[in-house]
Amino acid sequence: MAGSYDDRDGKIWLDGTLVDWRDANVHILTHGLHYASSVFEGERAYNGKIFESRRHSERLHKSGELLDMPIPFSVDELEAAKYEVLKANGLTDAYVRAVAWRGSGEDMGVASARNPVRVAVAAWEWGAYYGDAKMKGAKLDISKWKRPSPETIPTSAKAAGLYMICTMSKHAAEAKGCSDALFMDYRGYVAEATGANIFFVKDGEVHTPLPDCILNGITRQTVIGMLKDRQIAVHERHIMPEELEGFEQCWLTGTAAEVTPVSQIGDYTFEVGALTRDMAEAYEELVRT
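Summary of the structure given here. (Residues numbered from 1 in each chain as written. Predicted model: local features only at pLDDT ≥ 70, side-chain atom pairs only at ≥ 80, totals over all residues. Heavy atoms only, no water.)

### A word on the side chain of Thr260
Convention followed: Helix and strand assignments follow DSSP, with helices taken as H or I runs no shorter than four residues and strands as E runs no shorter than two, numbered in order from the N terminus. Within 3.5 Å is the distance limit for a polar contact, defined as a pair of N or O atoms, with the added protein rule that one can donate a hydrogen and the other accept it, and that residues adjacent in sequence qualify only through two side-chain atoms.
Relative to the elements of secondary structure, Thr260 occurs in strand β14 (residues 258–265). For Thr260, the side chain forms a polar contact with the main-chain oxygen of Ala257, separated by 2.6 Å.

Structure representation (structure tokens):
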């Protein structure tokens, strides 16, 4: 399956029913399109099983609560919907996208309490997020934008609006021949990439930004657990940009990114070392067991 995302064969689950892929549409005056009243999850299925599926469904509910947008389907109903979509499309290894948004209704101003919350689940085949970076390491630009303060946005929601600067930063990065961009946060600390958390290695120990204004990714939490199982020290802390020079290895984590080595950030270079390779392979093994 390839080509435009709106012109494919298959089924998409929309508000409780499987509909033909090309008919899974919304009205132009959908609130979420105008005011970013939308939350989503990205998940991956391996051998027919969605990794950490329930945690993703629970987080979608949490994101909805944070945006004052209660999800009208239970976690169990979302779980059933995801597997229904995989089955309907004949997929076992796939990317799964669950999304909820304020639809069209009586409100077309900023407030939208009278508009229904719509929910959809789609799935498609999607290979390595960063192409061949899995082997040689991704190259990252440093974004001119900063991740905002938790006083300005609900930083623990996976909300569509929070990705606006991610799109802009990734476009700028790709124009420079990079595959992603690294953000600093509003205080100037190292934060995350546009859709992935970041880890660094120095003297056999691992350092990763404290998720106090960024999404504490499910893959991030999984990888920290794997490192601790190996008795490797993990320091979750504020990291200054000038520290990048002293780190030996670096990798990104995310559902789409999985565990992807990083070879360069701006002018700083990193080796795709043994620990990075070990974590990438061990994660690959974990998600398929």
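### Remarks on the packing of aromatic side chains
Let me state the cut-off plainly: Aromatic pairing here means that ring centres of Phe, Tyr or Trp (its six-membered ring) are within 6.5 Å. Orientation follows from the plane angle: under 30 degrees is stacked, over 60 is edge-to-face, and everything else is tilted. By the criterion adopted, a ring carries a charge over it if an Arg CZ or a Lys NZ lies within 6 Å of its centre and within 35 degrees of its normal.
Applying the stated criterion to the full structure yields ten aromatic pairs. In this structure, Arg147 is placed above the aromatic ring of Phe183, and the distance from its NZ or CZ to the ring centre is 5.1 Å.

### What about the nonpolar core?
Put simply, the test is: By convention a nonpolar core is built from buried Ala, Val, Leu, Ile, Met, Phe, Trp, Tyr and Cys residues, the set being connected through side-chain atoms within 4.5 Å. Three labels apply to residues, based on accessible area from a 1.4 Å probe with only protein chains included: buried if under 20% of the type maximum, exposed if over 50%, partly exposed otherwise in between. We call two residues in contact when some of their heavy atoms are within 4.5 Å.
Trp13, Val39, Ile71, Leu86, Ala100, Val119 and Val121 are the most contacted members of the largest nonpolar core, which has 25 residues in total. Every element with two or more residues in this core is listed here: β3 (38–46), α3 (75–88), β5 (94–102) and β6 (117–124). Setting aside anything within four residues of it in sequence, one finds Ala100 in contact with Ser37, Ser38, Val39, Met69, Ile71, Val117, Arg118 and Val119.

### Details of α3
As a reminder, the rule being used: Given a helix with a known number of residues, its expected span is that number minus one, times 1.5 Å. Arc, as used here, means the arc of the directions from the helix axis to the C-beta atoms.
Its 14 residues give α3 an end-to-end C-alpha distance of 20 Å, which sits within 8% of 20 Å, the value for a rise of 1.5 Å per residue. For α3, the full list of buried residues reads Val75, Leu78, Glu79, Ala81, Lys82, Val85 and Leu86. Along the axis of α3, the buried positions cluster into a sector of 160 degrees, meaning they face one direction only. Count one or two residues on from α3 and you reach Gly90, which has phi positive near 65 degrees.

All we've got here are geometric facts, nothing functional implied.
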